Amino acid sequence: MLINKYSSDCNILDSGSVITYGADSDVRFDVICDESFAFSVVIRFEKENSDLSEIRRSTEGNTIIYTCINFRSNVGVGTSVPLELATYNGKRIYINFWIYDLGQVVLRKVEYTLYQEM
């Protein structure tokens with residue numbers, strides 16, 4: 001059986017959850033579109049002396065890094081709109097994610113959805 005998933009005008013490429021190895025462990029997604037186009041997405045966690053949560057984006061080669069500053073919450077914190085990652089065959093690829101603390105910030109749960117325009 002094959003089940004296709006959609007939201008708005010996008011195909012849902014992948015959706016799921018990951019529990020980090022440790023509280024400050026990165027999460028990495030390797031997105032392989034075909035033999036000629038691939039990239040990685042890293043979600044990284046940092047703490048700063050502020051109560052504000054923010055996401056900083058940087059790139060290193062074919063890797064997009066989202067550094068999540070002060071993402072500490074057992075009710076969750078994350079993106080409010082999909083973040084554009086890349087364009088493949090003329091269609092944009094996006095990610096949304098939501099992050100929860102597990103226990104006394106021993107682990108984190110990352111829920112994510114990857115989309116591509118139809």
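Up top is the structure these notes are about.
For clarity, every value in this text was computed on a predicted model and none was experimentally measured.

Visitor: Residues and numbers for the overall build of the protein chain, please.
Guide: Secondary structure assignment for the protein chain yields zero helices and ten strands. When the elements of the protein chain are put in sequence order from the N terminus, they spell out β-β-β-β-β-β-β-β-β-β. Over its C-alpha trace the protein chain gives a radius of gyration of 15 Å, about what one expects of a compact globule, namely 13 Å for 118 residues. Projecting the C-alpha coordinates of the protein chain onto the three principal axes gives extents of approximately 40 × 35 × 25 Å.

Visitor: Account for the sheet that holds strand 3 (residues 27-34), naming residues and giving values.
Guide: On the basis of which strands lie adjacent, the open sheet formed by four strands has the order 3-4-6-5 and mixed pairing. Two strands bound the open sheet, and with one partner strand each, they are strand 3 and strand 5 (54-60). The sheet shows a mean angle of 20° between the axes of neighbouring strands, direction not considered. In this sheet, strand 6 (residues 63-69) lies alongside strand 5 in antiparallel orientation, the contact comprising seven bridges.

Visitor: An account of the packing of aromatic side chains is needed here, citing residue identities and associated values.
Guide: If you walk through the whole model with that rule in mind, you get four aromatic pairs. Judged by centre distance (5.6 Å) and plane angle (15°), the ring pair of Phe37 and Tyr88 falls under stacked. Of the two residues, Phe37 is situated in strand 4 (residues 37-46) and Tyr88 in strand 8 (residues 83-88); the sequence distance between them amounts to 51 residues. For Phe37, a relative accessible area of 26% gives the class partly exposed. Centroid distance Tyr66 to Phe97: 6.1 Å. Interplanar angle 55°. Geometry classified as tilted. Note that Tyr66 is positioned in strand 6 and Phe97 in strand 9 (residues 91-102), a separation of 31 residues in sequence. Both residues of the pair, Tyr66 and Phe97, count as buried. Site record: aromatic cluster; members linked through ring pairs are Phe37, Phe39 and Tyr88.

Visitor: Run through the side chain of Asn70, naming residues and quoting values.
Guide: Among the structural elements, Asn70 can be located in the loop between strand 6 and strand 7 (77-78). Not counting residues within four places of it along the chain, the set of residues in contact with Asn70 comprises Glu46, Lys47, Glu48, Ser50, Leu52 and Ser53.

Visitor: Can you explain the environment of Val31? Please cite residues and give values.
Guide: By the secondary structure assignment, Val31 is in strand 3. For Val31, the contacting residues outside a window of four places in its chain are Phe37, Ala38 and Phe39.

Conventions we followed
Residues numbered from 1 in each chain as written. Predicted model: local features only at pLDDT ≥ 70, side-chain atom pairs only at ≥ 80, totals over all residues. Heavy atoms only, no water. Helix = DSSP H or I, 4+ residues; strand = E, 2+ residues; numbered from the N terminus. Rg over C-alpha atoms; globule rule 2.2 N^0.38 Å. Pairing = 2+ DSSP bridges. Axes fitted to C-alpha atoms, helices over the stretch in contact; angles between N-to-C directions. Phe/Tyr/Trp six-rings, centres within 6.5 Å; stacked < 30°, edge-to-face > 60°. Buried < 20%, exposed > 50% of the residue type's maximum accessible area, 1.4 Å probe, protein only. Contact = heavy atoms within 4.5 Å.

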